Amino acid sequence: MGHEQFEEALPLYAIGALERAERQALEPHLLTGCASCHAALKQYRAVAGLLPYGLPLTDAPPTLKARVMAAVAHGSTPDNSQATLQSRPGPERSASRFFWPSLNWAPSPDFALLLVLLLAGTGMYALSVKWQIATEMEQRQRVETTLQEESARLALLQRRIAEQEQTLAGLRSQLDQKVGDLNEVRNTLTHREAEMGQLRKLVAQQEQEATILRKALAQRDEISVFLRSPSVKVISLAGSAAAKSAGALLLYDPDSKKAFFYAFNMPPLVERKTYQLWAILDKPVSAGTFTTDPGHKSRLVIRNIPELARATKFAVSLEPEGGRPQPTGEIYLVGQL
Amino acid sequence: MEFPPRQGSWKIDPELLARVATGDQQAFAELYDWSSSLLFTLALRILGDREEAAEVLQEVYLEVWRKVVRYNPARGSPTAWLVTMTRSRALDRLRSRAVRGYGMTDSIQNRPLADLPDGNPSPLQASADLELRALVEKALVELPEAQREALELAYYQGLSHTEIAARLNEPLGTVKTRIQLGMSKLRAALRSCLD
């Protein structure tokens, strides 16, 4: 039972309506000296004591006083022994609880011993209860203090966690921004690399073109030097029946032993065939092979062929790829010095 | 409301009991005069029988004479002590009568005609407690009937709340609440004469 339940039981206790078990539960609490319960109980008992005043008053029979006074007179002084009450049969309810042992009451030695033991027991019980209550209060205070401290610590930790979460959120947003920036840079870089690849390709193409142009320029320079030489001989070749519109020029410099051969309108070559130029003395000597350009132009530079200086007749025949030591195919061009 | 010492049964001076304790028969007679009507009324209300009530009263006064030293003023007024003792003895008798096979008396209306009051109460007690009676009667009349009934069953028939619930065929909690409320209201209404 808690204190509230004890308090609720007090009015029932005062009017005698509690069950025995309930009384037995309440009375030890009253023994602990609970001030508020004692104060309330005193008032409820006084209320109970006032109830008979609500009844229509009836005087006792007139003879009763005489009977009582006679009995008192015969029984002399008030009895200080417990004998009458002790031997009294029948149940005793609240009435005996209203009495308290009094100091001017002189008990028998045996009873005194019993009473002293009883009082000592009750006192020790009350003391132990008081001590227990004090200890429990102390423990409760300690627990409450600890609880407060722990609550404060918890609040501090919660605050720190909140701060760190905020910081973390800030860092995360910064990181997101950086990742965004990085992706942008990566995209830009990819674009730049693509551009650079294109540029590199362009440069390579232009270098290739430059090489071709340089080569062509070198050839032109060579030809222009060649044509300025006074000893250069020019031989014209005409197309045979196989290539009536075709023609060719052979420029030959005996000093440098170098020759340039230009052919035009040559029929396009079939696969695995080549044209071969012959210098004819007693018998034909190969001066080299050539193929046709898309514009049906052909060019051949001839070097270190001594027979050219003595040859008076030139011809071009169609030969298998790689050429032959002697002409085997049809003659396409013929010319004479 | 003021009750001067030794005026009216409610304000019997504890000093009177101290004199009784010394064997002062005059003081004892005075105590009887102040309290007998009230105590007889109470015993009669419980037992419904004048003879039995008178027997109980005689027992009570002899016990008072013998045990007066056991009265503790800290526990309540002399009247409260006498009322408690009378109620207890009367209820004991009521219970032993029930065991012997007599019917329990439910209310004052069941009393035989012969037991009805046989005259006006003594002017001394009647006048002294007039204001207090009026106050208590008013407080009781103002209680809801069910609460008053529960209080009367507990007080005048010595029934526990369980027995009252069984008697009235009401839930236990209801009966407990009625008693608590009734007592609480009476305590508030009678506050001026409780200390």
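Residues numbered from 1 in each chain as written. Chains lettered and ligands numbered in written order. Predicted model: local features only at pLDDT ≥ 70, side-chain atom pairs only at ≥ 80, totals over all residues.

A. Representation of the overall build of chain B within the structure. Secondary structure summary: chain B contains 9 helices and 0 strands in total. Reading the secondary structure of chain B in the N-to-C direction produces α-α-α-α-α-α-α-α-α. Counting the 195 residues in chain B, one finds 46% classified as buried. Partitioning the intrachain contacts of chain B with sequence separation of at least 6 by distance along the chain shows that 67% fall at a separation of at least 24. (Helix = DSSP H or I, 4+ residues; strand = E, 2+ residues; numbered from the N terminus. Buried ≥ 20, exposed ≤ 12 C-beta atoms within 10 Å, placed from the backbone. Contact = placed C-beta atoms within 7 Å.)

B. Broad picture of the packing of helix α1 (residues 3-14) of chain A against helix α2 (residues 20-31) of chain A. Residues and elements named next belong to chain A. Contact geometry of α1 with α2 gives a least axis separation of 11 Å together with a crossing angle of 115 degrees. As for the relative orientation of α1 and α2, their crossing is left-handed in sense. Between α1 and α2, the contacting residues are Phe 6, Ala 9 and Tyr 13 on the first element and Glu 22, Arg 23, Leu 26 and His 29 on the second. Considered class by class, the residues forming the contact of α1 with α2 number 4 nonpolar, 1 polar and 2 charged. (Axes fitted to C-alpha atoms, helices over the stretch in contact; angles between N-to-C directions. Left-handed = near helix turned anticlockwise from the far one by under 90°. Nonpolar A, V, L, I, M, F, W, Y, C, P; charged D, E, K, R; others polar.)

C. How the structure looks around the interface of chain B and chain A. Listed per partner, the contact involves 70 residues of chain B and 54 residues of chain A. With 12 residues, helix α2 (residues 25-47) of chain B is the single largest residue contributor to the side of chain B that touches chain A. Residue classes in the side of chain B that touches chain A are distributed as 36 nonpolar, 21 polar and 13 charged.

D. Examining the packing of α1 of chain A against helix α9 (residues 172-189) of chain B more closely. One way to put it is that α1 of chain A packs onto α9 of chain B with a least axis distance of 9 Å and a crossing angle of 80 degrees. Considered as vectors, α1 of chain A and α9 of chain B are oriented roughly perpendicular to each other. On α9 of chain B, the residues touching Glu 8, Pro 11, Leu 12 and Ala 14 of chain A of α1 of chain A are Lys 176, Ile 179, Gln 180, Met 183 and Ser 184 of chain B. Residues that form the contact of α1 of chain A with α9 of chain B fall into these classes: 5 nonpolar, 2 polar and 2 charged. (Parallel < 35°, antiparallel > 145°, perpendicular 65-115°, else oblique.)

E. Spotlight on the pairing of strand β3 (residues 258-264) of chain A. Residue and element names in this part refer to chain A. In this structure, strand β2 (residues 247-253) lies alongside β3, joined through 7 bridges in antiparallel fashion. Each bridged residue has a counterpart across the sheet, and for Asp 253 the counterpart in β3 is Lys 258. Count of turn residues in the β2/β3 antiparallel hairpin: 4 residues, of which Lys 257 carries a positive phi of about 55 degrees. Relative to strand β6 (residues 298-303), β3 is paired through 6 bridges, and the arrangement is antiparallel. What sits directly across from Ala 263, in β6, is Ser 298. (Pairing = 2+ DSSP bridges.)

F. Local environment of the sheet that holds strand β5 (residues 284-290) of chain A. Residues and elements named next belong to chain A. The strand order β5-β4-β7-β8-β1-β2-β3-β6 describes an open sheet built from 8 strands, whose pairing is antiparallel. The sheet is open, and its two edges are formed by β5 and β6, each paired on a single side. Across the sheet, the mean angle separating the axes of adjacent strands is 20 degrees when strand polarity is ignored. With 8 bridges joining them, strand β4 (residues 273-280) and strand β7 (residues 313-320) adopt antiparallel strand pairing. Each residue of the ladder has a partner; that of Thr 274, found in β7, is Glu 319.

G. Here's a closer look at helix α3 (residues 50-67) of chain B. In this model, α3 of chain B (18 residues) spans 25 Å end to end at C-alpha, consistent with the 26 Å of a helix rising 1.5 Å per residue. Here α3 of chain B has its buried residues at Arg 50, Ala 53, Ala 54, Val 56, Leu 57, Val 60, Tyr 61, Val 64, Trp 65, Arg 66 and Lys 67 of chain B. (Expected span 1.5 Å × (residues − 1).)

H. Representation of unusual backbone geometry. Residue and element names in this part refer to chain A. A positive phi is found at Asn 265, a non-glycine position, where the angle reads about 55 degrees. Among the secondary structure elements, Asn 265 is positioned in the loop between β3 and β4. At Arg 272, a residue that is not glycine, the phi angle is positive and equals roughly 60 degrees. By the secondary structure assignment, Arg 272 is in the loop between β3 and β4. Take Arg 272: there are 8 C-beta atoms within 10 Å of it, and that puts it in the exposed class.

I. Here's a closer look at the pairing of β4 of chain A. Residue and element names in this part refer to chain A. Relative to β5, β4 runs antiparallel, the two being bridged by 6 bridges. By the bridge assignment, Leu 277 is partnered in β5 with Gly 288. Between the end of β4 and the start of β5, which pair antiparallel, lie 3 residues.

J. Quick look at the confidence of the model for chain B. Residues and elements named next belong to chain B. For chain B, the average pLDDT comes to 83, and 80% of its residues sit at 70 or higher. Every residue in residues 1-6 scores below 50 in pLDDT, and together they form 14 contacts with partners more than four places removed in sequence or on other chains. Listed scores for the predicted complex are pTM 0.50 and ipTM 0.85. (pLDDT = per-residue confidence, 0-100.)

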